[in-house]
Every structure is written in C-alpha cells, then in structure tokens.
Amino acid sequence: MILSDYHMHSSFSDDSEATMSSMIQRSIELGFHTICFTDHMDLDFPLEFGGGFIFNTDIYKNHLETLREKYADQITILRGVEYGLRPYLKEQYRALTEKNDFDFIIGSSHLVGNIDPYHKEYWEGITEEEGITKYLEAIYANAQTFDDFDIYGHIDYAVRYAPNQNKNYSYVKYADLIDEIFKTLIQKGKGIEVNTAGYKYGLGHPHPQSDVLKRYKELGGEIITIGSDAHKPEHLGYDFNKAEDLLKSLGFEYYTIFEKRQPQFIAL
C-alpha cells in the first residue's frame, strides 16, 4: 500500500482553507506513515488572476515544527513546497531554497505567459492542441532553465481544463515534446509525480496518464512520488489504490519519498 502523500495543501496556500491540523488528523485516520506539505509558492502570480500564492516561510516552518512535535508518535510530517516555475524567476526561487531547509520541492507549471490554463481566457483564440502544446513547452523551458527541485508536478495539468479535457489527448500526439521533457528531467536526476487529482477531476487517469508514465519508464525514469494534490482533508490519498495498480501494471516496482531532499525508494 502507498502510505505517503507527497502533494498536499493547507491554508498557507491561497486556494485552500484547510488547517494543517485537519490534514494531519485525516492522514492519521488513513494510516499514512509520512506526509509532506507542499504549499504553493507562485512568485509574481498576476493579480488579475487572483494574485497571492505566496506565504511567510518562517511562520510556515515554525507552525509545522510545532505540529511535527505534537504528532511525532503518530506520523512523520515533512515540510515541502510547490514552486510555480517560470524561467525569469529562477534566481528568486534559488534564493528561497538556500534560505529554507525544505525536505522536498515540487517544480510545477501553472502559468503560460501570464495566464493559468485553469482560466477560460487561456483557451480563447487558440486551438486545444495549441493550448496543450504551449503548456508542455513551458514545462520544457522550466526544466531546461532550473534544477533546484526534486520532481516535476502534474505534467499534463492543462488537460484538466482543456475544452474537451483528455478526449483528444494522448502521448503519441505530443510525443516529441514529452520525450524532451523527460530526457531533460532524467539527465538532471529529477523525477515526476503521479498526481491522483486527475481521477478527482473525472479524467479516469492520474497526471500524467498511463501512456505518458509508460514512456517515462522506457526512457529510464525511476523517481516517482505519489500525491493527491489535496486542498481538503477528504481528498487526501485520493484513489491511491488505483495509482498503485497502474504503476504495477506498467512495471514500476517502487515509489519515492524524500526527506532533506534525499530520495528513498519504497516497494509498491
């Protein structure tokens, strides 16, 4: 069983109202042995699309340390972050990493140009294929430019919000770009996540989908973390059983957890 959730948010993220305590208590109920908070740090997020997505890292650390001690005999609680990457922000993110001793860092793409695919404005005036291509190009640019993260989050995030979601999406259609992304990540010793929010959004697969995961393995990818991307306690561990079955069917034998930025491989 997968007993670690490595992508979860609390009220330190602007899109969550969940207290850390509520997320921890639910994780204990689920029998998890390790969790890692990965609250959003999206520097320079445009005000017209919500702004925010930053938090005080000192308060974050102190609050987590208090909770870590409180629940020490029940669960291991680690401190991570989800960076919203853009190439011109690389030095600011590097400075954040140097200042903070995070256990785990997710690098993610939430913005293409200055628009999040979550917003319908992103898809206006372009085809669905162009929108997904632009999103994958943004990931590739970030992967080439920046390397101070451990895994890349929700590789096909844009598919959640595409006009037809995943109806017209496949590895084959975007193979060249996806291959270049994976080759870059693997060469840099970075991994990817299986983000089970894809199931929650009705896609029938996690992010990324099975044929993309299969290609990651074919190219030599081994580092895979598992995360629900939960913003509420009830979404923690969402469909982890399906994710485990999928990984086993594709030949994966391990998933990965991180502590002090060091990977540990856990048998599926």
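Structure first, text after, so check above.
Undergrad: Could you give an account of the overall build of the chain, naming the residues involved and the relevant values?
TA: The helix and strand inventory of the chain stands at 8 helices and 9 strands. Here the chain has a C-alpha radius of gyration of 17 Å; the compact-globule value for 268 residues is 18 Å, and the two agree. Dimensions of the chain along its principal axes, counting C-alpha atoms only, are 50 × 45 × 35 Å. Per-residue burial over the chain gives 56% buried out of 268 residues.

Undergrad: Would you mind going over the layout of surface pockets in detail, with residue names and values included?
TA: Take a probe with the size of a water molecule and roll it over the atoms, and the empty space left behind shows itself. For the largest pocket, the calculated volume is near 500 Å³. Here the lining of the largest pocket is built from residues that sort into 8 nonpolar, 8 polar and 8 charged. Roughly 180 Å³ of internal volume is contained in the second largest pocket. Across the lining of the second largest pocket, the residue classes tally to 3 nonpolar, 2 polar and 3 charged.

Undergrad: Report on unusual backbone geometry, specifying residues and quantitative values.
TA: In the segment running from His-207 into Pro-208, the intervening peptide bond is cis, with an omega of -5°. Looking at the secondary structure, you find Pro-208 in the loop between helix 6 (197-200) and helix 7 (210-218). Despite not being glycine, Arg-261 has its phi angle at roughly 70°, a positive value. Tracing the backbone through its elements, the reader meets Arg-261 in the loop between strand 8 (254-259) and strand 9 (262-267).

Undergrad: Account for the nonpolar core, naming residues and giving values.
TA: Core analysis: the largest hydrophobic core is formed by 79 residues, its most contacted members being Phe-37, Tyr-83, Tyr-93, Leu-136, Phe-182 and Ile-224. Once you skip the residues sitting within four places of it in the chain, Phe-182 turns out to touch Ile-155, Ile-192, Val-212, Arg-215, Tyr-216 and Leu-219.

Undergrad: Just give me the short version of the pattern of salt bridges, but keep the residues and values in it.
TA: Applying the stated criterion across every chain yields a total of 14 salt bridges. Between Arg-79 and Asp-101 there is a salt bridge, with the nearest N and O atoms lying 2.4 Å from each other. One end of the pair, Arg-79, is in strand 3 (residues 76-84); the other, Asp-101, is in the loop between helix 3 (90-99) and strand 4 (104-108), with 22 residues separating them in the sequence. Between Arg-160 and Asp-229 there is a salt bridge, with the nearest N and O atoms lying 3.1 Å from each other. Placement of Arg-160 in the loop between strand 5 (151-152) and helix 5 (175-187) and of Asp-229 in the loop between strand 7 (224-227) and helix 8 (240-249) is noted, with a sequence separation of 69 residues between them. For Asp-229, a relative accessible area of 5% gives the class buried. Counted as one network, the salt bridges with shared partners bring together Lys-61, Arg-79 and Asp-101.

Undergrad: Residue-level account of the sheet that holds strand 6 (residues 191-195), with values.
TA: Read from one edge of the open sheet, 7 strands run 1-2-3-4-5-6-7, paired in parallel fashion. Strands at the two margins of the open sheet, each flanked by one partner only, are strand 1 (4-5) and strand 7. Sheet topology places strand 1 next to strand 2 (residues 34-41); 2 bridges connect them, and they run parallel. Within the sheet, the bridge partner assigned to Ser-4 lies in strand 2 and is Thr-34.

Undergrad: I'd like a rundown of helix 4 (residues 128-145), residues and numbers included.
TA: Taking 1.5 Å of rise per residue, 18 residues should cover 26 Å, and helix 4 covers 26 Å from first to last C-alpha, within 8% of that figure. Among the structural elements, strand 5 and helix 5 are those in contact with the buried residues of helix 4.

Undergrad: Tell me about the side chain of Asp-42, residues and numbers included.
TA: Note that Asp-42 resides in the loop between strand 2 and helix 2 (57-70). Despite its burial, Asp-42 remains without a salt bridge, the nearest opposite charge being carried by Arg-86 at 7.2 Å. A distance of 2.9 Å separates the side chain of Asp-42 from the side chain of His-110, its partner in a polar contact. What Asp-42 contacts, discounting residues up to four positions off in sequence, is Gly-52, Phe-53, Ile-54, Glu-82, Gly-84, Tyr-93 and His-110.

Undergrad: Help me get a handle on the pairing of strand 9, residues and values and all.
TA: Bridging between strand 8 and strand 9 involves 6 bridges; their strand directions are antiparallel. Its bridge partner being in strand 9, Tyr-255 is matched across the sheet by Ile-266. Between strand 8 and strand 9, which follow one another and run antiparallel, lie 2 residues, and Lys-260 among them has a positive phi close to 55°.

Definitions and cut-offs
Residues numbered from 1 in each chain as written. Predicted model: local features only at pLDDT ≥ 70, side-chain atom pairs only at ≥ 80, totals over all residues. Heavy atoms only, no water. Helix = DSSP H or I, 4+ residues; strand = E, 2+ residues; numbered from the N terminus. Rg over C-alpha atoms; globule rule 2.2 N^0.38 Å. Buried < 20%, exposed > 50% of the residue type's maximum accessible area, 1.4 Å probe, protein only. 1 Å grid on protein atoms, 1.4 Å probe; cavity = no way out; pocket = protein on both sides within 12 Å on 5 of 7 lines; lining within 4 Å. Points joined across faces, edges and corners; volume = space filled by probe spheres on them. Nonpolar A, V, L, I, M, F, W, Y, C, P; charged D, E, K, R; others polar. Core = buried A, V, L, I, M, F, W, Y, C linked by side-chain atoms within 4.5 Å. Contact = heavy atoms within 4.5 Å. Salt bridge = Lys/Arg side-chain N within 4 Å of Asp/Glu carboxyl O. Pairing = 2+ DSSP bridges. Expected span 1.5 Å × (residues − 1). Lys, Arg positive; Asp, Glu negative; His and termini not counted. Polar contact = N/O pair within 3.5 Å; in protein donor to acceptor, adjacent residues only side chain to side chain.

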